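Descriptive analysis of the structure
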Amino acid sequence: MKNILTKLTLLTTLATLSFAGGGGDTLRATFTADNLEYQTNSEKNLYWDTYGYIGYDLNKLYFYSEGEKPNSGDASSENQLLYSRAVAPFWDVQAGISYDIAGSNNKTWGVLALSGLAPYFFETRAALLFSDDGNIGLRIDMEYEALITQRLILTPKFTLDAYTKDAPTMGYGSGISNLTLGARLRYEFRRQFAPYVGIEWAKNFGTTNTYSPLNEAYATFGLRFWF
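Residue positions are given per chain, counting from 1 as you read along its sequence in written order. Thresholds applied to this predicted model are a pLDDT of at least 70 for local features of residues and 80 or more for the giving and counting of side-chain atom pairs; totals over whole chains, interfaces and linings are not thresholded and use all residues. Only hydrogens and water are set aside; all other atoms, that is, all heavy atoms of the structure, feed into the side-chain values.

A short note on the overall build of the chain
A helix here means a DSSP run of H or I that spans at least four residues, while a strand means a run of E at least two residues long, and both kinds are numbered starting from the N terminus. Summing up its helical and strand segments, the chain has two helices and 13 strands in all. Of all 227 residues assigned to the chain, the portion counted as buried reaches 39%. Sequence separation of 24 or more characterises 45% of the internal contacts of the chain that already satisfy a separation of 6 or more. All accessibility values rest on the Shrake-Rupley procedure with a 1.4 Å probe; residue burial counts only the protein chains present in the view. Accessible area of the chain: about 12,100 Å², with a carbon and sulfur share of 64%. Each residue's exposure class comes from its accessible area (1.4 Å probe, protein chains only) as a fraction of the maximum for that residue type: buried when under 20%, exposed when over 50%, partly exposed otherwise. Note on contacts: a residue pair qualifies if any of its non-hydrogen atoms lie within 4.5 Å across the two residues.

A short note on the packing of aromatic side chains
Pairing of aromatic side chains here covers Phe, Tyr and the six-membered ring of Trp, requires ring centres within 6.5 Å, and sorts the geometry by plane angle: under 30 degrees stacked, over 60 edge-to-face, intermediate tilted. Taken as a whole and judged by the stated rule, the model has ten aromatic pairs. Judged by centre distance (6.3 Å) and plane angle (45 degrees), the rings of Phe31 and Phe225 are tilted. Residue Phe31 is located in strand β1 (residues 28-39), and its partner Phe225 is located in strand β13 (residues 215-226); the two are separated by 194 residues in the primary sequence. Accessibility expressed as a relative area gives 22% for Phe31, which makes it partly exposed. We classify Phe225 as partly exposed; its relative accessible area is 22%. Between Tyr163 and Tyr172, the aromatic rings sit 3.9 Å apart at their centres with planes inclined by 10 degrees, giving stacked as the arrangement. Here the two residues Tyr163 and Tyr172 agree in accessibility, since each one is buried. Put simply, the rings of Phe31, Phe63, Phe225 and Phe227 touch in pairs and so form one group of aromatic residues. Only lysine NZ and arginine CZ atoms are considered, and such an atom sits over a ring when it is within 6 Å of the ring centre and within 35 degrees of the ring normal. In this structure, Lys60 packs its charged tip against the face of Tyr53, placed 5.4 Å from the ring centre. Looking at Arg125, its charged tip hangs above the ring of Tyr64, at a distance of 3.9 Å from the centre.

Quick word on the pattern of salt bridges
Should a side-chain nitrogen of Lys or Arg be within 4 Å of a carboxyl oxygen of Asp or Glu, the pair is scored as a salt bridge. Within this structure, the stated rule accounts for eleven salt bridges. Here Lys157 ties to Asp49 by a salt bridge, and the two come within 2.7 Å at their closest N and O atoms. Of this pair, Lys157 sits in strand β10 (residues 152-163) while Asp49 sits in strand β2 (residues 46-55), and the two are 108 residues apart along the sequence. Accessibility expressed as a relative area gives 13% for Asp49, which makes it buried. Between Arg139 and Asp100 there is a salt bridge, with its nearest N and O atoms 2.4 Å apart. In this pair, Arg139 sits in strand β8 (residues 136-143) while Asp100 sits in strand β5 (residues 91-102), placing the two residues 39 residues apart along the sequence. As far as burial versus exposure is concerned, Arg139 and Asp100 are alike and both buried. Connected via shared salt-bridge partners are Glu145, Arg186, Glu188 and Arg191.

Side note on empty space enclosed by the protein
Cavities and pockets are found on a 1 Å grid laid over the protein atoms alone: a cavity is a set of points where a 1.4 Å probe fits but cannot escape, a pocket is an open set with protein on both sides within 12 Å along at least five of seven lines, and a lining residue has an atom within 4 Å of such a point. Grid points are joined across faces, edges and corners, and a volume is the space filled by probe spheres set on the points. Under the defined criterion, the tally for this structure stands at one cavity of 30 Å³ or more. Computed from the structure, the largest cavity encloses a volume of approximately 130 Å³. Forming the walls of the largest cavity are Asp34, Asn35, Glu143, Ile153, Thr155, Lys157, Arg184, Arg186, Tyr196 and Arg224. By residue number, the principal contributor to the lining of the largest cavity is β10, which donates three residues. Following the grouping adopted for this structure description, the nonpolar residues are Ala, Val, Leu, Ile, Met, Phe, Trp, Tyr, Cys and Pro, the charged ones are Asp, Glu, Lys and Arg, and the polar ones are all others, Gly among them. For the lining of the largest cavity, the per-class residue count stands at two nonpolar, two polar and six charged.

Focus on unusual backbone geometry
At Lys44, a residue that is not glycine, the phi angle is positive and equals roughly 55 degrees. One can find Lys44 in the loop between β1 and β2. For Phe90, which is not glycine, the phi torsion reads 75 degrees and is therefore positive. Tracing the backbone through its elements, the reader meets Phe90 in the loop between β4 (76-88) and β5.

Details of the side chain of Ser131
When you line up the elements, Ser131 lands in the loop between β7 (122-130) and β8. Any N or O atom pair separated by 3.5 Å or less is treated as a polar contact, with the protein-specific requirement of one donor-capable and one acceptor-capable atom, and with residues adjacent in sequence counted only for side-chain atom pairs. Of the polar contacts made by the side chain of Ser131, one reaches the side chain of Asp133; its length is 2.2 Å. With residues near it in sequence (within four places) discarded, Ser131 still touches Lys107, Thr108 and Trp109.

Okay, structure coming up:
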């Protein structure tokens, strides 16, 4: 796994440097924690959803990490390292690898994703995942930022996971695996620093619900920051 990550990092870094434009196309890097929160569900989860990149206008190296740690139990997470290429205004095509962790188990995927700003300003990301056992996954994330004031912002969010095969060790089954709907209200004391409160509903379906029954609404309390 370390060799794969090292090779992908070198390749994407070389590609980014090779295709970098001149003039004002400077190297930039950023890190964003969209969500770092406590969830008042039955598991009492600590949840995170973060991403960052380094690169230029057209070519970037992205990483994503999303996961949760129950109050008692093992953490699970989805971690991606991707080369991202701008193909249209507000839209990027991304390719790379994903390393999923579920307690003591793990799974590696190849990833092809489309990320950007859909009509009506919906931030959208759809990722296809391919594993060596023939399983194909789909992960969709959509959110919208509604400005109540210049500092008070409401963010509804929709996520969906689906797979073509059962993976008992990872805790999900074929078909639609999970649907999550939520909304978070944050106050930006500074643009880079915003505490928030929210509410969320999550449900597992099919075989996934057999492995891990879930149909629950709960409150969230957290922090959004970037630098």
